[in-house]
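# Tertiary structure, described
Residue strings, one per chain:
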Amino acid sequence: MPQAATERVVIVGAGVAGLFAAILLARAGREVLVVDRDPDAAGDGRAGDGRAGDGRANRPAALTRSGLTQARHSHAFLARFRLLLATRAPDLLDALLAVGAREIRVAELTGVTGVTGLAGATGTPGAGGVDGDGDGDGDGDGDGDGDGDGSMTSTADDVAGLPCGDPADLVVLGCRRALLDATLRAAAVAEPGVTIRAGHRVTGLVTSPGRPGAPGRSGDVPWVRGVRLEDGSAVEADLVVDAGGRLSPVRELLAAAGAPATPELDVPCGIAYYSRFYARRGDRSLATALNRGHTVGASFDRYSCLVFPADNDTFSVTFGVLPEDTEMRVLRHDDAFDAAVRAIRMVAPWLEVAAAIGTAGPTGSTGPTGAPDGSARAGSAGRAGGAVPLGPVAAMSGLRNRFRPWVDDGRPIALGVLPIGDAALITNPAHTRGTTLAALTAAWLVDAVTATNDPGERALRLDAALRAEGLPWLHDSCEQDAARLARWRSTAPASPPAPAIPPTEPATLAAEPATRTMLPTPPPESRWDRRIPAGRSEPDGPVAVTNGEAFLAAGRDPVVRQAFTRLQNMLALPAEVLANPAFVARVRAVQASGWRPAPVTGPSRDELVATARAALIGALGSDDPGLASVPAGPTP
Ligand SMILES: Cc1cc2nc3c(=O)[nH]c(=O)nc-3n(C[C@H](O)[C@H](O)[C@H](O)COP(=O)(O)OP(=O)(O)OC[C@H]3O[C@@H](n4cnc5c(N)ncnc54)[C@H](O)[C@@H]3O)c2cc1C
């Protein structure tokens, strides 16, 4: 084993991946410096207690750290993430719970009660994310009323060979992303061996050429010896970790230093996000049952809307829409957004607050605006006595599925530098897997670093883990996106009308650039969803079911639901569930029975636009010049 004591590690980026890696590496004896471009990334070493009335957790800076634009959007942290914390750093899980993170026991909420208690119940699958249900037939009402006859029973024999696991593991963390990061930051600041240097952008790398015969068969590629900061200074390191997220410059800096290009997989997600956070005035209860595992909502007509219960009394609502749907950009406006939420029966109750709890609860004091700590603007919902908005609507697009290999044909493209988190692998955030992948990649990095001193060998080990355990999630994400887009775009008009509103165009709503150099999708013979039966040379048709098919069947069959919920929580790989013969047989049996979930009810996309637009017109007043161009649209 290598001598660990003096190895100096510089981590670019103090997001989830960077902070988690820093803490684990320091505990493995490394001396770690985390550099982040964002002045807020060092924090004050205190996470606050996260309650609605806690000024530190709710202060605007905590919710809008400039380097973390995604923190303004809904996040859920899957059971795999929670288990990873529990096994690798249980004190971090304790710290999150101490600041008010909510444990959502998905098994109880979805009727998954374990092998011996599976008889009969219909229920709701643990799909969770913003993407919708994966097949678009309008399921998602989650009331389990598809037939309610309880006729499909299960026994221990039924689940033999299925990756059903222990339902007790199915616990999702509900927490605002900003509070999660603040909590990790506080832990990193307190960790001996970790230093955070905030407000310093990494703009260059210190490299020396690798030599033939360098470790790991890696001659002639750049060997990274440190980073350069914006002010021109250099920081030397034995290992540089790229945790700079989806916009990290490190890969381009490596290319400039002579690292070979590798083919990438880079596919637009085809979704734009509109999100808003609220507090429920001290009420921690769930306003409605969670019909999708850890969220409430559904995929509707060319849009999805989901509520994410978060820490303490907070929650967020996110609309997912087609990026090219310019009329939906009306959701960028606070009043339009709130009106759209209220128009959807399934989620509307979240904006109301129980009459008995209509004032600040035991955890919060309200400031002069009616908002916690007085810093958040009280919008229309706040004025109406409902949930209090914690800030304006945030919009985000340009989202991509991406894998950029750092090893090509068994050869690292550089030495002394390793990627984790979004810098290594990005999946559609709608599937709520990014933070779990960020933490997992950090753990894989630490495993590689502690296993060997050889920089080439470290790169190969991390790459192997990324391909074996990370890449399947990217393929699953791309397949789900393709199914949703086929559905949403099949009902969209050929050329969307020009935008009628918004006076302000969010900078983050850029057009999606064309797909870049593609890493070929795996050939059929190596794909997990095409098994060739023994004695045959060709696949006997697609043996695996799709994620969307599994989602539907999970609404009917509790065994399918239990295994599918594990998949959705990343406790089993897609292939382990979707290509499992026993699982496939159960899904096909549900299909053959003719059972269909009750259709979801909600406004059509046109009705939603009309409702949102009417609310905006009402808020702006009819004198507003921009309103002259607003088409009336259908009556909601
Ligand atoms: C809209 C949206 C919703 C999402 N929802 C979910 C969800 O529900 N569940 C989930 O698990 N995941 C979700 N994700 C994904 C998740 O946010 C990311 O996967 C995760 O943040 C990746 O963590 P990271 O540490 O790799 O990168 P980041 O968290 O992006 O951190 C990167 C850090 O690097 C710093 N940095 C960048 N460049 C430099 C530089 N040159 N010098 C110094 N510092 C630099 C940045 O300031 C930042 O602090 C969502 C993502 C988006 C966009």
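Figured I'd write up the structure that's included with this text. The structure presented is a predicted model; accordingly, all values stated were derived computationally and were not measured.

## Things to note about the overall build of the protein chain
Along the backbone of the protein chain there are 17 helices and 22 strands. Each of the 636 residues in the protein chain was classed as buried or not, and the buried ones make up 56%.

## Let's talk about the pairing of strand β15 (residues 314–321)
The element β15 is extensively covered by neighbouring structure, given that 8 of its 8 residues are classed as buried. In β15, alternate side chains face the same way, and those of Thr314, Ser316, Thr318 and Gly320 on one face and Phe315, Val317, Phe319 and Val321 on the other are all buried. As paired strands, strand β12 (residues 272–279) and β15 are joined by 8 bridges and run antiparallel to one another. Looking across to β15, one finds that Phe277 is bridged to Ser316. Relative to β15, strand β14 (residues 303–309) runs antiparallel, the two being bridged by 7 bridges. Paired with Tyr303 across the bridge in β15 is Val321. Hairpin connection from β14 to β15: 4 residues lie between these consecutive antiparallel strands, with Asn312 at a positive phi of about 50°.

## Details of the nonpolar core
Core analysis: the largest hydrophobic core is formed by 173 residues, its most contacted members being Ala21, Val241, Ile420 and Leu445. In terms of residues, this core owes the most to one element, helix α11 (residues 434–451), which gives 10 residues. When residues are assigned to domains, this core turns out to be shared by domain 1 (8–37 + 200–267 + 399–478) and domain 2 (102–173 + 522–593), each giving three or more. Sequence-distant contacts of Val241, that is, excluding residues within four places in its chain, are made with Val9, Ile11, Val12, Ala21, Leu418, Ile420 and Leu445.

## Regarding the environment of Ala26
Residue position: Ala26 is located in helix α1 (residues 16–27). Assessed through the 18 C-beta atoms surrounding it within 10 Å, Ala26 is described here as partly exposed. Each C-alpha atom of the pair Ala26 and Val194 lies 6.3 Å from the other, and the pair is 168 residues apart in sequence. Apart from the residues within four sequence positions on either side, Ala26 is in contact with Val32, Glu191, Pro192, Gly193 and Val194.

## Remarks on the sheet that holds strand β8 (residues 222–229)
Across the sheet, which stays open at both edges, the 3 strands sit in the order β7-β8-β9 with antiparallel pairing between neighbours. If you trace the sheet from one side to the other, it starts and ends with β7 (202–209) and β9 (234–236), each paired once. Ignoring strand direction, the axes of neighbouring strands in this sheet form an average angle of 35°. Pairing between β8 and β9: 3 bridges, direction antiparallel.

## Digging into the packing of α1 against α11
Packing of α1 against α11 brings their axes to within 8 Å, and their N-to-C directions diverge by 35°. Where α1 crosses over α11, the handedness of that crossing is right-handed. Where α1 approaches α11, its residues Val16, Ala17, Phe20, Ala21, Leu24 and Leu25 are matched on the opposing element by Thr435, Ala438, Ala439, Thr441, Ala442, Ala443, Leu445, Val446 and Val449. In terms of residue class, the contact of α1 with α11 is built from 13 nonpolar, 2 polar and no charged.

## Thoughts on the sheet that holds strand β18 (residues 400–403)
The strands making up a sheet are joined through hydrogen bonds of the backbone, oriented either antiparallel or parallel. What the 3 strands build is an open sheet, ordered β11-β18-β22; its pairing is antiparallel. In this open sheet, the two strands that pair with only one neighbour each are β11 (265–268) and β22 (425–426). Both β11 and β18 contribute to a ladder of 4 bridges, which runs antiparallel. Bridge pairing in β18 links Leu265 to Phe403. Packing of helix α12 (residues 455–490) onto the sheet brings it into contact with β11, β18 and β22, and relative to β18 it is tilted by some 155°.

## Focus on helix α14 (residues 558–568)
Within α14, 11 of the 11 residues are buried, which leaves the element mostly enclosed by the surrounding structure. Considered for burial, the residues of α14 that qualify are Pro558, Val559, Val560, Arg561, Gln562, Ala563, Phe564, Thr565, Arg566, Leu567 and Gln568. Positive phi appears at Met570, one or two residues downstream of α14, with a value of about 65°.

## Re the packing of helix α4 (residues 79–88) against α11
It is at 9 Å that the axes of α4 and α11 come closest, and there the two elements cross at 30°. You can see that α4 and α11 cross each other, and the crossing is left-handed. Listed contacts from α11 to Arg80, Phe81, Leu84 and Arg88 of α4 are Thr435, Thr436, Ala439, Leu440 and Ala443. A per-class count over the contact of α4 with α11 returns 5 nonpolar, 2 polar and 2 charged.

Parameters at a glance
- Residues numbered from 1 in each chain as written.
- Predicted model: local features only at pLDDT ≥ 70, side-chain atom pairs only at ≥ 80, totals over all residues.
- Helix = DSSP H or I, 4+ residues; strand = E, 2+ residues; numbered from the N terminus.
- Buried ≥ 20, exposed ≤ 12 C-beta atoms within 10 Å, placed from the backbone.
- Pairing = 2+ DSSP bridges.
- Core = buried A, V, L, I, M, F, W, Y, C linked by C-beta atoms within 7 Å.
- Domains from an automatic or database assignment.
- Contact = placed C-beta atoms within 7 Å.
- Axes fitted to C-alpha atoms, helices over the stretch in contact; angles between N-to-C directions.
- Left-handed = near helix turned anticlockwise from the far one by under 90°.
- Nonpolar A, V, L, I, M, F, W, Y, C, P; charged D, E, K, R; others polar.

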